[in-house]
Amino acid sequence: MKNLSLFIENTTKLLPLVLGMIGISTIVLVMFPMWQQNYPHTHSFHFNMMWAFQYGKQFWAGQIYPRWLEGSYFGLGSPTFSFYPPLCMISTLPFVWLGTGKALVGSMVLATVVRAWGSYWAARQVWSAPISLAVLMMAATTPYFVLDIYDRGAIAEVWGLSLMPWVIGAGLGLTRATLSRSRWWPWALALALAYGGLALTHLPMVLVWTVVWPLWPFCFTQSFSGLLCLTAWRQFLTLGIPIYGATGLGLLSVSFFLLPAALDQSLVSIDLINGWDIYDPLQRFMVNFASGIQITEYDRTLLPHFWIPLLVLGLTIIVAVLTIEPSQKSSQKSSQMPTQTPQISGSIEPRIQRGLLFFIAGSLLIASFMMTSLSAPLYQLSSSLTRIQFPWRWMGVSASVLPFCFGYLWQGIPALGRLSSTALKSLPLKQSGQVAGSLLILGLMGWIMAQGLAYTRQALYNPPLVAQFERLMEQRPAFPAEPTIDPVKGEPFLGWHWEYPEGLAFVDAFEYRPMAGQGSPVPPATTYPLLEWQSGQGQIETPIWQYGRRHFFVEPDPNSDPVVLNLRMYAYPAWQVRQNGRSLSQDQISTTPDGRLQLALDPNPTEIDIRYQGTSAERWGNAISGIVILGLGIFSVWQGQAHRQF
């Protein structure tokens, strides 16, 4: 007996290590094929490679947030990261020393770790460590998540899926703290941080999640049947104010990105996001009730991932109805026993579990509805919804809540065993019921995980192409020089960029090209000089051409009239032009037919300084983010000191 107790004690001590090893092994199982083969050749492969290369170069040269990619469009540049969230590129920076391909792989590995860790952290607030491990395993191998990594190479969307569990976890912590009237502010800061991080991942993912997230306070209200009564609304406000407040602060904290991304869209060709039928959500519904199921061949491969979450949700609701309510009643009875001290947490936990289940069900049903033709009127009413391009992007919501369904399924096994034993008055039936239920859930988990892991084997790997891409990028002349355009020897590379003897010239995503450059040829007839006379002549001292800055002296010929210079950069209002220390008047700034910045100067010796200082929206966004972040920091320090004194 003593040996048995010692064995159990030692096993209990080793449990965290065992669980950790299983969790790490799951992540390795998912990501090892990519680490071994390098970044897969996917739809977004060439953009991700080009962006990571440029972002890393400019960041390590001193630009902390390079919104304008200097090498895009043959050196004319593009404000890509004023509109595309930067977190996916920031996450590649620790791995740049491995090469661009491996840097992208490192980002994907890091995103998988973040998703798995966040799912475990959120689940651990509700369930035991072994059950939370099951949630982690499902999160890391959810088919849509793995498909995004290996089949679509959607690095930004992958990061969006990785941050959603952290929002759920922070929401659970803030809800519990609010209901129990304990320290709520650390959880509010955690939710603000998680939601702000989510906003920097992928705008379609932020949009679809923000549609379902407002459900959260409603789901944790005591009773749906009494939502119209004053007490229920007080309960809703008690939860809604901190939840919505923390969410709002999180979004405000990243105004430096969100504000220009929203307000500066007229400055770029953003409508090209929906420029083709394949990018029109009304053409890509998973289920079309109006004319039968008519979907593309690619969408057909995703159809099982539309139905599987609904199947799992149905099973979860059945198990939860049979197990959560009995657990609640037993906890209420135990709390009424005179030998125990009443504790508010005993009455909160069933409410937490029930509320999380309501949120899972509500968000999953909304996501499924938005993937069918029944939602077509909503897309027609909102241009923002059409920007998600593919209705199946709502699978990001279902893929984020699906793993938590297995927490309820595993939690229900002992309770179902007790129910079967009580109903049939037989202990063996209890044990056999638990075994059968466990095998059923294991089989369901294995089936879903196998579908996810299958995408790691179906990926298209092309290591020589990755190596060629890296070589051609590194072969480029040092900034600000661009490869010399050679119409004879140049050829398209991957259908977008252009390969020349001196290296690769970049073409960026057309939806982020400034409106001024819509007519610029791709590729141009000749290499653009940094500066050239449009009219007039004279001397130009060796210009300073740096990331985010141009500085030069012009001494026009006295007989030159007018004096007009063309610069190798797209005209874009974020660039501030100063002549001899004063801002150049707007009537002196114009645009060439191919979109380049054109300056009309006085026929006198002139010093010109041009800096990327941001549009009005960028500057206001920076100010709002700074104020909010500073305020949150001061509040955190003040609360921390007050708590220590207490």
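The model shown is predicted, which means the values in this text are computed figures rather than measured ones.

Colleague: Where do I start with the pattern of salt bridges in this structure?
Modeller: Side chains that differ in sign of charge can pair as their charged atoms come close. Tallied over the entire structure, the rule returns 14 salt bridges. Between lysine 57 and glutamate 474 there is a salt bridge whose closest N-O contact spans 3.8 Å. Of this pair, lysine 57 sits in helix 2 (residues 45–60) while glutamate 474 sits in helix 20 (residues 463–474), and the two are 417 residues apart along the sequence. Among the residues examined, lysine 57 registers a relative accessible area of 41% and is labelled partly exposed.

Colleague: In this structure, what is going on with helix 7 (residues 143–150)? I would like to understand it.
Modeller: An α-helical turn contains 3.6 residues, so any two residues separated by three or four positions project in the same direction. Most of helix 7 is tucked away, with eight of its eight residues classed as buried. Inspection of helix 7 places Pro143, Tyr144, Phe145, Val146, Leu147, Asp148, Ile149 and Tyr150 among the buried residues, and these make up the whole buried set.

Colleague: Just to check I follow, could you spell out the sheet that holds strand 2 (residues 497–500) for this structure?
Modeller: Sheet strands line up and pair through hydrogen bonds in the backbone, either parallel or antiparallel. Read across the sheet, three strands follow the order 1-2-3 without closing on themselves; strand pairing throughout is antiparallel. Strands with a single pairing partner mark the edges of an open sheet, and in this sheet they are strand 1 (491–493) and strand 3 (503–505). Neighbour-to-neighbour, the strand axes of this sheet turn through a mean angle of 40°, independent of strand direction.

Colleague: Even after reading the chapter, I still don't get the pairing of strand 12 (residues 596–601), so can you show me in this structure?
Modeller: A regular strand places its side chains on the two faces of the sheet in alternate fashion. With five of six residues buried, strand 12 lies mostly within the body of the structure. Inspection of the sheet shows strand 8 (residues 563–570) paired to strand 12 by five bridges, in the antiparallel sense. Among the inter-strand pairings, valine 564 is bridged to a residue of strand 12, identified as alanine 600. Of the strand pairs in this sheet, strand 11 (residues 589–591) and strand 12 are connected by three bridges, and their pairing is antiparallel. Pairing of isoleucine 589 across the sheet is with leucine 599, part of strand 12. Between strand 11 and strand 12, which follow one another and run antiparallel, lie four residues, and glycine 595 among them has a positive phi close to 95°.

Colleague: Explain the packing of helix 2 against helix 5 (residues 100–124) here, please?
Modeller: Helix-helix packing is described using two parameters, namely the angle between the two axes and the distance between the axes. Packing of helix 2 against helix 5 brings their axes to within 9 Å, and their N-to-C directions diverge by 100°. As far as their axial angle goes, helix 5 and helix 2 are roughly perpendicular. Within the contact between the two elements, helix 2 uses Asn48, Met49, Ala52 and Phe53 and helix 5 uses Thr100, Gly101 and Leu104. In terms of residue class, the contact of helix 2 with helix 5 is built from four nonpolar, three polar and no charged.

Colleague: Explain the side chain of threonine 316 here, please?
Modeller: Assignment of secondary structure puts threonine 316 in helix 14 (residues 297–335). On the accessibility criterion, threonine 316 (0% relative accessible area) is buried. Separated by 2.7 Å, the side chain of threonine 316 and the backbone oxygen of valine 312 make a polar contact. With residues up to four places along the chain from it excluded, the contact list for threonine 316 reads Leu357, Cys405, Tyr408 and Leu409.

Colleague: Explanation requested: the packing of aromatic side chains in the structure shown.
Modeller: Geometrically, a pair of aromatic rings is defined through the distance of the ring centres and the angle of the planes. For the structure on display, the rule yields 40 aromatic pairs. An angle of 85° between the planes, with centres 5.0 Å apart, marks the rings of tryptophan 127 and tyrosine 408 as edge-to-face. Of this pair, tryptophan 127 sits in the loop between helix 5 and helix 6 (129–141) while tyrosine 408 sits in helix 18 (residues 395–424), and the two are 281 residues apart along the sequence. For the pair shown, tryptophan 127 and tyrosine 408 are each scored as buried. The rings of Phe47, Trp51, Tyr55, Tyr73, Phe81, Phe83, Tyr84, Trp496, Phe510, Tyr512 and Tyr570 are connected pair by pair, giving a single aromatic cluster. Between the NZ or CZ atom of arginine 115 and the centre of the ring of phenylalanine 145, over which it lies, the distance is 4.7 Å.

Colleague: Which parts of the structure should I look at to understand the side chain of threonine 112?
Modeller: On the secondary structure map, threonine 112 appears in helix 5. A relative accessible area of 0% means that threonine 112 is categorised as buried. Not counting chain neighbours up to four residues away, the residues in contact with threonine 112 comprise Ile27, Met31, Phe145, Ile149 and Ser162.

Colleague: For this particular structure, what's the right way to read the sheet that holds strand 12?
Modeller: Overall, antiparallel pairing links the four strands, which are arranged 4-8-12-11 in an open sheet. Since the sheet does not close on itself, it has two edges, and those belong to strand 4 (531–535) and strand 11, each with one partner. Taking each pair of neighbouring strands and ignoring which way they run, the sheet shows an average axis angle of 35°. Pairing of strand 4 with strand 8 involves four bridges; the strand directions are antiparallel.

Colleague: Even after reading the chapter, I still don't get the nonpolar core, so can you show me in this structure?
Modeller: Where a protein is soluble and globular, its nonpolar side chains tend to be buried together. Trp51, Trp209, Leu356, Trp394, Phe406, Leu567 and Ile610 are the most contacted members of the largest nonpolar core, which has 172 residues in total. Take this core: its biggest share by element is 14 residues, from helix 8 (residues 155–180). Ala199, Leu200, Val254 and Ala261 belong to the second largest nonpolar core, which has six residues in total.

Each value, and the rule that gives it
- Residues numbered from 1 in each chain as written.
- Predicted model: local features only at pLDDT ≥ 70, side-chain atom pairs only at ≥ 80, totals over all residues.
- Heavy atoms only, no water.
- Salt bridge = Lys/Arg side-chain N within 4 Å of Asp/Glu carboxyl O.
- Helix = DSSP H or I, 4+ residues; strand = E, 2+ residues; numbered from the N terminus.
- Buried < 20%, exposed > 50% of the residue type's maximum accessible area, 1.4 Å probe, protein only.
- Pairing = 2+ DSSP bridges.
- Axes fitted to C-alpha atoms, helices over the stretch in contact; angles between N-to-C directions.
- Parallel < 35°, antiparallel > 145°, perpendicular 65-115°, else oblique.
- Contact = heavy atoms within 4.5 Å.
- Nonpolar A, V, L, I, M, F, W, Y, C, P; charged D, E, K, R; others polar.
- Polar contact = N/O pair within 3.5 Å; in protein donor to acceptor, adjacent residues only side chain to side chain.
- Phe/Tyr/Trp six-rings, centres within 6.5 Å; stacked < 30°, edge-to-face > 60°.
- Lys NZ or Arg CZ within 6 Å of the ring centre and 35° of its normal.
- Core = buried A, V, L, I, M, F, W, Y, C linked by side-chain atoms within 4.5 Å.

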